[in-house]
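A look at the structure
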Amino acid sequence: MSAGETPLTVIGNLTDDPELRFTPSGAAMAKFTVASTPRSYDKTSGQWQDGTAMFLRCTAWRDLAQHIADSLAKGTRVIVNGRLRQHNWQTPEGDNRSMLGLEVDEIGPSLRFATARVERIQRSNVKSGTGADAWNTAAPAAGGTPPSSWAGTPSQGDEPPF
């Protein structure tokens, strides 16, 4: 994380299935919205009360984007960590607009009200002339070709650092 970035962790539910797209260069991008609604206990009524829901648009890139699209669906309660970003644009009428979004670094299902089974992605140990070791990049499907983004991946050794 660079200096001046605003880290944020949000817990909430996906409002729809993640939308997976690819840039012209082939990089995967997943977009999804997380709804987070605060709840408080009202002692006078003896009931839980929902506050105003916050909807936060999230964007994830590359392997993380593909893992999100393969693993998560509408309604899934998630814990999302990333960097808050402000997007500014101008409408065709000349009005200035802005929106806050989250560039996702980490995401996972919340296990408070659910269970999950983690499936590790098989990593390839492809070496190239650049010393690339793609342990941190998902292996291509059977018979597939590694993406060109693997070229020049810094060597991390044969095993993940955990």
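Before any of the text, the structure's been laid out above.
Within every chain, residues take consecutive numbers counted from 1 along the sequence as written. Owing to the predicted nature of the model, reporting of local features is limited to residues with pLDDT of at least 70; listing and counting of side-chain atom pairs is limited to 80 or more, with chain, interface and lining totals taken over all residues. Only hydrogens and water are set aside when side-chain values are computed; all heavy atoms of the structure are taken into account.

1. Digging into the overall build of the protein
In plain terms, the rule: The helix count covers DSSP runs of H or I at least four residues long, the strand count covers runs of E at least two residues long, and both are numbered beginning at the N terminus. In this scheme, a residue with accessible area under 20% of its type's maximum is buried, one over 50% is exposed, and one in between is partly exposed, where area comes from a 1.4 Å probe on protein chains only. Every residue pair with non-hydrogen atoms within 4.5 Å of one another is taken to be in contact. Shrake-Rupley sampling with a 1.4 Å probe provides the accessible areas, and residues are treated as covered by the protein chains on show and by no other component.
If you tally the helices and strands in the protein, you get 1 helix and 8 strands. Seen in sequence order, the protein has helices and strands lined up from the N terminus as β-β-β-β-β-β-α-β-β. Classification of the 162 residues of the protein by burial places 25% in the buried group. Relative to all contacts within the protein whose residues are 6 or more apart in sequence, the contacts with residues 24 or more apart total 53%. Here the protein displays about 11,200 Å² of accessible surface, and carbon together with sulfur accounts for 50% of that area.

2. Quick notes on unusual backbone geometry
Unlike most non-glycine residues, R62 shows phi in positive territory, near 55°. Following the sequence through the fold, R62 ends up in helix α1 (residues 62–71).

3. With respect to the pairing of strand β1 (residues 6–14)
Put simply, the rule is: A pair of strands is considered paired only if DSSP assigns at least 2 bridges between the two.
Judged from the 8 bridges that link them, β1 and strand β7 (residues 77–90) form a sheet pairing that is antiparallel. Bridged to P7 within β7 is R83. Inspection of the sheet shows β1 paired to strand β3 (residues 28–36) by 2 bridges, in the antiparallel sense. If you follow N13 over to β3, its bridge partner there is A35.

4. A closer look at the packing of aromatic side chains
Here is the rule: Stacked, tilted and edge-to-face pairs are distinguished by plane angle, under 30 degrees for stacked and over 60 for edge-to-face with tilted covering the rest, among Phe, Tyr and Trp rings (Trp via its six-membered ring) whose centres lie within 6.5 Å.
If you walk through the whole model with that rule in mind, you get 1 aromatic pair. Ring plane angle 65° and centroid distance 5.4 Å describe the contact between Y41 and W48, whose orientation is recorded as edge-to-face.

5. Some details on the pattern of salt bridges
Put simply, the rule reads: Here a salt bridge means any side-chain nitrogen of Lys or Arg lying within 4 Å of a carboxyl oxygen belonging to Asp or Glu.
One pass over the full model with this rule turns up 8 salt bridges. When the shortest N-O distance is used, the salt bridge between R83 and E5 registers 3.7 Å. Remark: E5 occurs in the segment before β1 and R83 occurs in strand β7; sequence separation between them is 78 residues. An identical accessibility class is assigned to R83 and E5; each is buried. Between R83 and E103 there is a salt bridge whose closest N-O contact spans 3.5 Å. Separated by 20 residues along the polypeptide, R83 in strand β7 and E103 in strand β8 (residues 96–109) bring together distant segments of the chain. The class for E103 is partly exposed, based on a relative accessible area of 25%. Three or more residues joined by partner-sharing salt bridges are found here, namely E5, R83, R85, E103 and D105.

6. A few points about the pairing of strand β6 (residues 54–61)
Relative to β6, β3 is paired through 8 bridges, and the arrangement is antiparallel. Residue pairing for β6: T33 is matched across the bridge by R57. Pairing analysis gives 3 bridges linking β6 to β8, with the strands arranged parallel. From the neighbouring strand, T59 faces β8, where its bridge partner is E103.

7. A few points about the nonpolar core
Short version of the rule: In this description, a nonpolar core means a group of buried Ala, Val, Leu, Ile, Met, Phe, Trp, Tyr and Cys residues linked to one another through side-chain atoms lying within 4.5 Å.
L14, F32, V34, C58, V78, V80 and V104 are the most contacted members of the largest nonpolar core, which has 16 residues in total. At the level of elements, β1, β3, β6, α1, β7 and β8 are the ones that each hand at least two residues to this core. Ranked by residue count, the leading element in this core is β3, at 4 residues. Excluding anything up to four places from it in sequence, C58 contacts A30, K31, F32, V34, L102 and V104.

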